Amino acid sequence: MEGMKKVRMIKQKFTERNSKIKKKIDSVKFDTHWFRRVFHTFAVFFLMYYILPDEYWIHILKNSISVSLVFFVFILEYLRLKGKISGKQFFGLRVYEKNRVASYLYFGIAILILLLFFPQQISIPCILCACFYDPIIGELRHRFRNRTAYSIGFFICILFFMVTWYKANIWIMIAVSLLGAGGALIGEMKKVWWLDDDFAVQILPAVLILLLWQGLSLIDINILPGKIIFPI
Amino acid sequence: MEEKKIEYLELETKNEKLIRVELWFAPILIILPFVLSILLIWSWVIKGYLTGTNIYDQEFFLAIIIIAVNIMFDIPFIKSLRIHK
């Protein structure tokens with residue numbers, strides 16, 4: 001009898017402590033603004049794609065995981081827009097995204113296109129632009145005038161392209177950095193309702209550099225430097 | 001501050017939502033970029049620094065950029081967390 005009582009007491013204490021912890025966790029409130037910013041910077045993790053070994057089955061696995069992830073997000077977004085899932089379950093959505101495809105789907109599709117169809121020398125700086133340039137510009141716009149914010153952002157973008165292309169010929173590095181940063185800047189500045197800037201910031205510079213690379217390769221000039229990230 | 005409130009869809013109170021996705025996401029959002037950076041630095045140290053090769057230097061630079069920007073945004077994010085009473 002004594003033993004049973006002790007066990008019951010321990011159980012009760014455990015339950016009380018658990019519910020206290022749960023209450024504490026539930027009471028944590030997030031700032032939407034910073035949550036969105038961190039969501040952007042987190043997306044750089046998708047560069048993990050290049051760290052994974054390039055063996056045949058791993059290559060298939062990482063491609064299928066990437067496609068499935070974006071497909072899952074697509075279904076989720078479809079259900080939200082159809083009203084099957086309450087939009088209230090999605091934290092941090094902007095007002096203009098209520099009846100429109102949310103930017104995280106655009107972001108996911110753009111990253112997927114870059115990972116699957118572009119060489120890493122082009123895709124890595126473009127992914128860096130989307131992950132870092134957008135939140136940095138956003139914060140700068142809170143503190144400075146738009147023109148100042150975009151100018152600083154442009155130089156940050158140039159830095160991303162220079163770091164990833166510094167092994168190329170210096171003139172090529174400068175040309176690619178200006179072209180890429182310009183593309184990202186236009187992608188960020190020109191807002192249209194049917195295309196999110198998270199998509200344009202990644203795809204526009206990538207397409208411009210791809211055209212430059214392919215155009216020059218027609219006259220037997222290969223501007224693409226060596227790999228940036230090597231598989232483990 | 002007022003401007004920020006208008007920008008986003010109205011948030012739910014804690015009892016209205018069955019799953020607080022953001023709560024489970026938050027640690028992942030913070031930790032994973034650092035995991036990537038550590039892997040990049042590890043790869044650079046093992047394959048590049050210790051062998052004296054500079055092909056892997058870009059992995060190191062990339063890791064530094066990722067760490068710096070993530071810290072820049074993680075700190076205000078963590079600071080912005082509030083306990084709702």
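## Focus: the overall build of chain B
Working step 1: From N to C terminus, chain B includes three helices and one strand.
Working step 2: From first element to last, N terminus to C terminus, chain B shows the α and β order α-α-α-β.
Working step 3: Sorting the 85 residues of chain B into buried and exposed places 22% on the buried side.

## Focus: the overall build of chain A
Working step 1: A count of helical and extended segments in chain A gives nine helices and one strand.
Working step 2: Shown N-terminal to C-terminal, the secondary structure of chain A runs as helices and strands in the order α-β-α-α-α-α-α-α-α-α.
Working step 3: Along the three orthogonal principal directions, the C-alpha set of chain A runs to about 90 × 45 × 35 Å.
Working step 4: When the 232 residues of chain A are sorted by exposure, 38% land in the buried category.
Working step 5: For chain A, the share of sequence-separated contacts (at least 6 apart) that also reach a separation of at least 24 residues comes to 69%.

## Observations regarding the nonpolar core
Buried together is how nonpolar side chains tend to be arranged in soluble globular proteins.
Residues and elements named next belong to chain A.
Working step 1: One finds Leu47, Ile127, Ala130, Tyr133 and Cys157 to be the most contacted residues of the largest nonpolar core, which totals 70 residues.
Working step 2: Examining the composition of this core, we find that twelve residues originate from one element, helix α6 (residues 120-143), more than from any other.
Working step 3: Not counting the four nearest positions on each side in its chain, Ile127 is found in contact with Val44, Phe46, Leu47, Ile111, Leu114 and Gln202.

## Regarding the packing of helix α2 (residues 32-42) of chain A against helix α2 (residues 21-49) of chain B
Working step 1: Where α2(A) meets α2(B), the axes come as close as 9 Å, and the angle between the chain directions of the two elements is 45 degrees. In terms of axis orientation, α2(A) runs oblique to α2(B). The handedness of the crossing between α2(A) and α2(B) is left-handed. Listed contacts from α2(B) to Phe35(A), Val38(A), Phe39(A), Thr41(A) and Phe42(A) of α2(A) are Glu22(B), Leu29(B), Ile30(B), Leu32(B) and Pro33(B).
Working step 2: Looking at the contact of α2(A) with α2(B), its residues break down into eight nonpolar, one polar and one charged.

## Here's the deal with the interface of chain B and chain A
Working step 1: With 38 residues of chain B at the contact, the number on the chain A side is 39 residues.
Working step 2: Those elements that place two or more of their residues in the side of chain B that touches chain A are α1 (2-7), α2, α3 (57-80) and β1 (82-83) of chain B.
Working step 3: Counting residues per element, the side of chain B that touches chain A draws most heavily on α3(B), which supplies 13 residues.
Working step 4: In terms of strand pairing, strand β1 (residues 28-29) of chain A meets β1(B) through two bridges, oriented antiparallel. The partner of Val28(A) across the bridge, within β1(B), is Ile83(B).

## Structural notes on helix α5 (residues 103-117) of chain A
Residue and element names in this part refer to chain A.
Working step 1: With 15 residues, α5 should cover 21 Å at 1.5 Å per step; its first-to-last C-alpha distance of 21 Å lies within 8% of that length.
Working step 2: For α5, every residue scored as buried is listed here: Ser103, Tyr104, Leu105, Tyr106, Phe107, Gly108, Ala110, Ile111, Leu114 and Leu115.
Working step 3: Buried residues along α5 sit in contact with α3 (48-51), α4 (56-82), α6 and α9 (197-217).

## Some points on the environment of Val35(B)
Residues and elements named next belong to chain B.
Working step 1: Among the secondary structure elements, Val35 is positioned in helix α2.
Working step 2: By the C-beta count within 10 Å, which is 12 here, Val35 ends up exposed.
Working step 3: Expressed as a C-alpha distance, the spacing of Val35 and Gly48, which sit 13 residues apart in the sequence, is 19 Å.

## Some points on unusual backbone geometry
Working step 1: One non-glycine residue with positive phi stands out, namely Asp220(A), at about 65 degrees.
Working step 2: For Asp220(A), the location among the structural elements is in the segment after α9.

## So, the packing of α6(A) against helix α7 (residues 146-165) of chain A
Residue and element names in this part refer to chain A.
Working step 1: Packing of α6 against α7 leaves a shortest axis separation of 9 Å and a crossing angle of 155 degrees. By the criterion of interaxial angle, the relationship of α6 to α7 is roughly antiparallel. The two elements α6 and α7 meet at a crossing, and its hand is right-handed. Where α6 approaches α7, its residues Gln121, Ile124, Pro125, Leu128, Cys129, Tyr133, Ile136, Ile137, Leu140 and Arg141 are matched on the opposing element by Asn146, Ala149, Tyr150, Ile152, Gly153, Ile156, Cys157, Phe160, Phe161 and Thr164.
Working step 2: Residue composition of the contact of α6 with α7, by class: 15 nonpolar, four polar and one charged.

## With respect to the confidence of the model for chain B
Residues and elements named next belong to chain B.
Working step 1: Confidence in the prediction of chain B, expressed as mean pLDDT, is 82, and 74% of residues score 70 or more.
Working step 2: No element of chain B has a lower mean pLDDT than α1, which averages 49, and none a higher one than α3, which averages 94.
Working step 3: Confidence over residues 1-6 falls short of pLDDT 50; this stretch has one contact with residues more than four positions distant or in other chains.

## A few points about α3(B)
Working step 1: Between its first and last C-alpha atoms α3(B) spans 35 Å; for 24 residues at 1.5 Å apiece the expected length is 34 Å, and the two agree.
Working step 2: Those residues of α3(B) that sit buried are Gln58(B), Glu59(B), Leu62(B), Ala63(B), Ile65(B), Ile66(B), Val69(B), Asn70(B), Phe73(B), Asp74(B) and Phe77(B).
Working step 3: Structurally, α3(B) contributes buried residues whose contacts are with α2, α6 and α7 of chain A together with α2 of chain B.

Cut-offs used in this document
Residues numbered from 1 in each chain as written. Chains lettered and ligands numbered in written order. Predicted model: local features only at pLDDT ≥ 70, side-chain atom pairs only at ≥ 80, totals over all residues. Helix = DSSP H or I, 4+ residues; strand = E, 2+ residues; numbered from the N terminus. Buried ≥ 20, exposed ≤ 12 C-beta atoms within 10 Å, placed from the backbone. Contact = placed C-beta atoms within 7 Å. Core = buried A, V, L, I, M, F, W, Y, C linked by C-beta atoms within 7 Å. Axes fitted to C-alpha atoms, helices over the stretch in contact; angles between N-to-C directions. Parallel < 35°, antiparallel > 145°, perpendicular 65-115°, else oblique. Left-handed = near helix turned anticlockwise from the far one by under 90°. Nonpolar A, V, L, I, M, F, W, Y, C, P; charged D, E, K, R; others polar. Pairing = 2+ DSSP bridges. Expected span 1.5 Å × (residues − 1). pLDDT = per-residue confidence, 0-100.

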